[in-house]
Structure formats: C-alpha cells, structure tokens
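Examination of the molecular architecture
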Amino acid sequence: MAIEVNGTTIPTDEEGYIEDLSLWSPEVAEVMAQEDGQELTEQHWEVINFLREYYDEYQIAPAVRVLTKQIGKRMGPEKGNSKYLYELFPYGPAKQACRYAGLPKPTGCV
C-alpha cells in the first residue's frame, strides 16, 4: 500500500502507517487526514507535534492512556482527556494521531 504526496509515492503498511519514518512531512499528515475525511486544525497539530516530540525522546509511540496523561500534563486537563482526544481523532487518538504523525503503531494497540 502507499499514499501519494506531492507526486511522491510513500509506502505504507496494511493499516496505513508509513514504513519509512524519514519520509514524513506535514503534507503526509494532511493527505492521510483527507483520506479519513478530516481537516487538520491547530488542535490536531498540537497533538501530532506532541507525539513527534515524545517519539524523538522515548523512541516509542505512546498507547492511548499514556498519551492522555502526558497531554494533560503538558496542555492541561481540558485537553488531557479521552473525550477531547476522541473528538479530534475519532478512529482512536493514539492510533490515528500516530499514523498522521508518521510514527509506528502505538504499543498495546490492536
């Protein structure tokens, strides 16, 4: 499988995660969101950028419970809760947001 971004084909696995993390760009996230029928807002980008920073530091994509807790610590309780994150990423905050962020599938996600 693959996605097309600015004339470049980017290989993905069967669940849509990019196979080469170095090929990620904000445009990749935009294309993935469009394919899901979503438009990325500033709130989406806060979570996506947080995930990329988290991955750079820990070399792992966080599961949803860790994501929710860490978002709460950094951005406050109004954003660090499942309801808020599911409104942004209805297909699963950890899975969908990590896919948009160009990260591997989070641990513990089926």
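Rules used throughout
Residues numbered from 1 in each chain as written. Predicted model: local features only at pLDDT ≥ 70, side-chain atom pairs only at ≥ 80, totals over all residues. Heavy atoms only, no water. pLDDT = per-residue confidence, 0-100. Helix = DSSP H or I, 4+ residues; strand = E, 2+ residues; numbered from the N terminus. Pairing = 2+ DSSP bridges. Phe/Tyr/Trp six-rings, centres within 6.5 Å; stacked < 30°, edge-to-face > 60°. Buried < 20%, exposed > 50% of the residue type's maximum accessible area, 1.4 Å probe, protein only. Lys NZ or Arg CZ within 6 Å of the ring centre and 35° of its normal. Core = buried A, V, L, I, M, F, W, Y, C linked by side-chain atoms within 4.5 Å. Expected span 1.5 Å × (residues − 1). Contact = heavy atoms within 4.5 Å. Salt bridge = Lys/Arg side-chain N within 4 Å of Asp/Glu carboxyl O. Arc of directions from axis to C-beta.

Averaged over every residue, the pLDDT of the chain is 93; residues scoring 70 or more account for 97%. Within the chain, no element has a lower average pLDDT than helix H3 (residues 64–75), which sits at 93, and none a higher one than helix H1 (residues 26–35), at 97.

When strand E1 (residues 2–5) meets strand E2 (residues 8–11), the two strands line up antiparallel, connected through four bridges. Among the inter-strand pairings, Val-5 is bridged to a residue of E2, identified as Thr-8. In this structure, the hairpin formed by E1 and E2 is closed by a connection of two residues, where Asn-6 is found at a positive phi of approximately 50 degrees.

This paragraph deals with the packing of aromatic side chains. Applying the stated rule across the entire model yields three aromatic pairs. Ring centres of Phe-50 and Tyr-54 lie 6.1 Å apart, and the angle between their planes is 40 degrees; this geometry places the pair in the tilted category. Taken together, the residues span about one helical turn, with Phe-50 and Tyr-54 both in helix H2 (residues 42–58) at a distance of four residues. Taken individually, Phe-50 and Tyr-54 each receive the classification buried, so the pair is uniform in this respect. Overall, Tyr-54 belongs to the buried group, its relative accessible area being 14%. Positioned over the ring face of Trp-24 is Arg-52, at 3.8 Å from the centre of the ring.

Val-28, Val-47, Ile-48, Leu-51 and Tyr-100 are the most contacted members of the largest nonpolar core, which has 33 residues in total. At the level of elements, E1, H1, H2, H3, helix H4 (82–88) and helix H5 (93–100) are the ones that each hand at least two residues to this core. Take this core: its biggest share by element is seven residues, from H2.

Turning next to H2. Relative to the 24 Å expected for 17 residues at 1.5 Å per residue, H2 spans 24 Å between its end C-alpha atoms, a close match to the ideal helical length. Turning to H2, its buried residues are His-44, Trp-45, Val-47, Ile-48, Phe-50, Leu-51, Tyr-54 and Tyr-55. Residues of H2 that are buried make contact with H1, H3, H4 and H5. Count one or two residues on from H2 and you reach Gln-59, which has phi positive near 60 degrees.

On to the pattern of salt bridges, then. Side-chain pairing between opposite charges can occur once the charged atoms of the two side chains come close. Applying the stated criterion across every chain yields a total of five salt bridges. Across the pair Lys-105 and Glu-15 runs a salt bridge whose closest N-O atoms are separated by 3.2 Å. With Lys-105 in the segment after H5 and Glu-15 in the loop between E2 and H1, the pair connects residues that are 90 residues apart, well separated along the chain. When its relative accessible area of 36% is taken as the criterion, Glu-15 is described as partly exposed.

In an α-helix, one full turn covers 3.6 residues, which means residues spaced three or four apart are oriented alike. Here H3 spans 16 Å end to end across twelve residues, near enough to the 16 Å set by a 1.5 Å rise per residue. Regarding H3, the residues found buried are Leu-67, Thr-68, Ile-71 and Met-75. End-on view of H3: buried residues confined to an arc of 95 degrees, all on one side of the axis. Seen from the buried face of H3, the exposed residues on the opposite side, beyond 90 degrees, are Arg-65, Lys-69 and Lys-73. Phi for Gly-76, located one or two positions after H3, is positive at around 100 degrees.

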